[in-house]
Amino acid sequence: MKAPRVTLDQWRTLQAVVDHGGFAQAAEALHRSQSSVSYTVARMQDQLGVPLLRIDGRKAVLTEAGNVLLRRSRQLVKQASQLEDLAHHMEQGWEAEVRLVVDAAYPNARLVRALSAFMPQSRGCRVRLREEVLSGVEEVLHEGIADLAISGFNISGYLGTELSSVEFVAVAHPEHSLHRLNRELSFQDLESQLQVVIRDSGRAQPRDVGWLGAEQRWTVGSLATAATFVSSGLGFAWLPRHLIERELREGLLKPLPLDQGGSRHPLFYLYSNKDKPLGPATQILVELLRNFDTAPLDVPFAAPAQA
């Protein structure tokens, strides 16, 4: 790749001339001599082979080419400054990245709020978010490729912070044969019906959480797919209420009138990588995840302005 002929300092100088209205004003703002500023801009024009400024009376005015190049250079200079800031923060122990793995049943709205609040405080730290199902979260945490994990299981060997519960509701389409029985249902009624279950993304010891042992079982890869199947009349399933509120409201899904177990409320837990000390960015994200976990999901939320 060809090395750039124009330096960041030259682009900053051009920006100063335009922003401050002339060579003399730019020289004062940059604490340099006017001749030095003039030479820098002239040298830039020679290197680029296109005129960037023209003199209109006593004022330096951008040419059409200069206007395009200056606009692009502002982003370049900004990114270089952010890169230098990130290097400084990393020298102080600030992480370049936080790896977060989350069970797909955990409400996205809570994650969005926590991550939106994290962004202005992140100092360039990236977040790598990974969704898993059931034991897949535990597996990723054990493999050491996650800094933080949110799971609905008690993970052996880890001390988790208790989060809120997520309600799972047994549902089927209103015209499903189970609803047409027009009575309270037992587990025996369900055993002869098609149950839609979500595949555990873990490979080592996948679990059949919620499966009743019925022979008629369809396994799908995501909660969204399960909701689509069931709301189309294919079987029944236990699904997180927060994911199917629209379908319940529009009458595409209806809770099954079970005599017991019609809804479940498993607690979720926040875990951290026990083999790696929490850096400052990860600690901030932990607090935000905990704080927004208890915030009502039906309250309007506006993401904070970016710094």
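Higher on the page you've got the structure.
What you see is a predicted model; the values in this text were computed from it and never measured.

Draft legend 1. Geometry of the overall build of the chain. For the chain, the helix and strand inventory stands at eleven helices and 13 strands. Of all 307 residues assigned to the chain, the portion counted as buried reaches 42%. Taking all contacts inside the chain whose residues are at least 6 apart in sequence as the whole, residues at least 24 apart take part in 72%. For the chain, the exposed area adds up to about 17,200 Å²; of that, 50% sits on carbon and sulfur atoms.

Draft legend 2. Up close: the sheet that holds strand E5 (residues 148-151). The strand order across the open sheet built from five strands is E4-E3-E5-E13-E6, with neighbouring strands paired in mixed fashion. The two strands at the open ends of the sheet, each matched to only one other strand, are strand E4 (126-132) and strand E6 (161-165). Each strand of the sheet is rotated relative to its neighbour by a mean of 20 degrees, with strand direction disregarded. As paired strands, E6 and strand E13 (residues 267-272) are joined by three bridges and run antiparallel to one another. Each residue of the ladder has a partner; that of Glu 162, found in E13, is Tyr 269. Against the sheet, helix H11 (residues 280-293) contacts strand E3 (97-103), E5, E6 and E13, and its axis sits at roughly 20 degrees relative to E5.

Draft legend 3. Looking closely at unusual backbone geometry. We note that His 31 has phi near 60 degrees; this positive angle belongs to a residue other than glycine. Looking at the secondary structure, you find His 31 in the loop between helix H2 (23-30) and helix H3 (34-48).

Draft legend 4. Seen up close, the environment of Leu 258. Along the chain, Leu 258 turns up in the loop between strand E11 (254-255) and strand E12 (263-264). Residues Leu 258 and Arg 183, 75 residues apart in the sequence, show an inter-C-alpha distance of 8.9 Å. Residue contacts for Leu 258: discarding those within four places in its chain leaves Ala 170, Glu 184, Leu 185, Ser 186, Phe 187, Leu 190 and Trp 238.

Draft legend 5. A look at the packing of aromatic side chains. A complete count under the given rule lists six aromatic pairs for this structure. With 6.3 Å between their ring centres and 75 degrees between their planes, Phe 187 and Trp 238 make a pair best called edge-to-face. Taken together, the residues span a long stretch of sequence, with Phe 187 in helix H8 (residues 187-191) and Trp 238 in strand E10 (residues 236-240) at a distance of 51 residues. A relative accessible area of 29% means that Phe 187 is categorised as partly exposed. We classify Trp 238 as buried; its relative accessible area is 7%. For the pair Tyr 269 and Tyr 271, a centre-to-centre distance of 6.2 Å together with 40 degrees between the ring planes defines the contact as tilted. Each member of the pair, Tyr 269 as well as Tyr 271, is classed as buried. Members of the aromatic cluster, joined through ring pairs, are Tyr 158, Tyr 269 and Tyr 271. One Lys or Arg, Arg 264, reaches over the ring of Trp 238 and ends 3.9 Å from the middle of that ring. The ring of Tyr 158 is capped by Lys 274, whose NZ or CZ atom sits 4.7 Å from the centre of that ring.

Here is what the cut-offs are and how they apply
Within each chain, residues carry numbers counting from 1 in the order of the written sequence. Whole-chain, interface and lining totals are the exception, using all residues; otherwise, since this is a predicted model, local features are given only for residues with pLDDT of at least 70 and side-chain atom pairs are given and counted only at 80 or more. As a rule here, side-chain values cover all heavy atoms of the structure and leave hydrogens and water aside. Strands here mean DSSP runs of E at least two residues long; helices mean DSSP runs of H or I at least four residues long; both are numbered from the N terminus. Partly exposed residues are those whose accessible area sits between 20% and 50% of the maximum for their type, while under 20% is buried and over 50% is exposed, using a 1.4 Å probe and protein chains only. A contact between two residues is defined here by any heavy atoms of the two lying within 4.5 Å. Residue burial considers only the protein chains on display, and all accessible areas are found by Shrake-Rupley using a 1.4 Å probe. We call two strands paired when DSSP finds no fewer than two bridges between them. A fitted line through C-alpha atoms represents every axis, and for helices the fit uses only the stretch in contact; the resulting angles, taken between N-to-C directions, go from 0 to 180 degrees. Aromatic rings from Phe, Tyr and Trp, taking only the six-membered ring of Trp, are treated as a pair when their centres fall within 6.5 Å; an angle between ring planes under 30 degrees marks them as stacked, one over 60 as edge-to-face, and anything in between as tilted. Definition used: whenever NZ (Lys) or CZ (Arg) falls within 6 Å of the ring centre and also within 35 degrees of the ring normal, the charge is taken to sit over that ring.

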